[in-house]
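So the chains spell out like this:
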Amino acid sequence: MPRLVGKKSNPALYAGLGLLTVAIVAVALEYFGVIDYIPNFGKETKPANTSINQPVRTK
């Protein structure tokens, strides 16, 4: 009767977890606007300075 030394590793499990991790990171980066592969996806960002878009009034 053979003696069991240890369970062999499963590379498919590690590859699947790696791909899942990469997918989660990519969706998070897309959501926060770091990358923009999908138009109109993610948080709505407001312009930092709106005075640039307003016309200058003179008297």
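Whatever comes next refers back to the structure up there.
These numbers come from a predicted model, not from an experiment.

**Student:** Give me the overall build of the protein chain: which residues, what numbers.
**Tutor:** Across its full length, the protein chain holds 1 helix and 0 strands. Of all 59 residues assigned to the protein chain, the portion counted as buried reaches 2%. Accessible area for the protein chain stands at about 6400 Å²; split by element, carbon and sulfur atoms hold 63% of it.

**Student:** Outline a nonpolar patch on the surface, supporting the account with residue identities and numerical values.
**Tutor:** On the surface, V25, V27, L29, Y31, F32, V34, Y37, I38 and F41 cluster together into a nonpolar patch covering about 930 Å² of accessible area. Locating V25 in the fold gives a position in helix α1 (residues 11-31). You can call V25 partly exposed: its relative accessible area is 43%.

**Student:** Now, about the side chain of E30: what can you tell me, with residues and values included?
**Tutor:** By secondary structure assignment, the location of E30 is in helix α1. Not counting the four nearest positions on each side in its chain, E30 is found in contact with I35, D36, Y37, I38, F41 and G42.

**Student:** Provide a residue-level description of the layout of surface pockets, including the pertinent values.
**Tutor:** What the largest pocket holds in volume is close to 170 Å³. As for the largest pocket, its lining consists of 12 residues, of which G33, D36, F41, G42 and K43 are closest to the centre.

Cut-offs used in this document
Residues numbered from 1 in each chain as written. Predicted model: local features only at pLDDT ≥ 70, side-chain atom pairs only at ≥ 80, totals over all residues. Heavy atoms only, no water. Helix = DSSP H or I, 4+ residues; strand = E, 2+ residues; numbered from the N terminus. Buried < 20%, exposed > 50% of the residue type's maximum accessible area, 1.4 Å probe, protein only. Areas by Shrake-Rupley, 256 points an atom, 1.4 Å probe, with all protein chains shown as cover. Patch = residues over 30% accessible without salt bridge, like charges linked within 9 Å, V, L, I, M, F, W, Y side chains within 5 Å. Salt bridge = Lys/Arg side-chain N within 4 Å of Asp/Glu carboxyl O. Contact = heavy atoms within 4.5 Å. 1 Å grid on protein atoms, 1.4 Å probe; cavity = no way out; pocket = protein on both sides within 12 Å on 5 of 7 lines; lining within 4 Å. Points joined across faces, edges and corners; volume = space filled by probe spheres on them.

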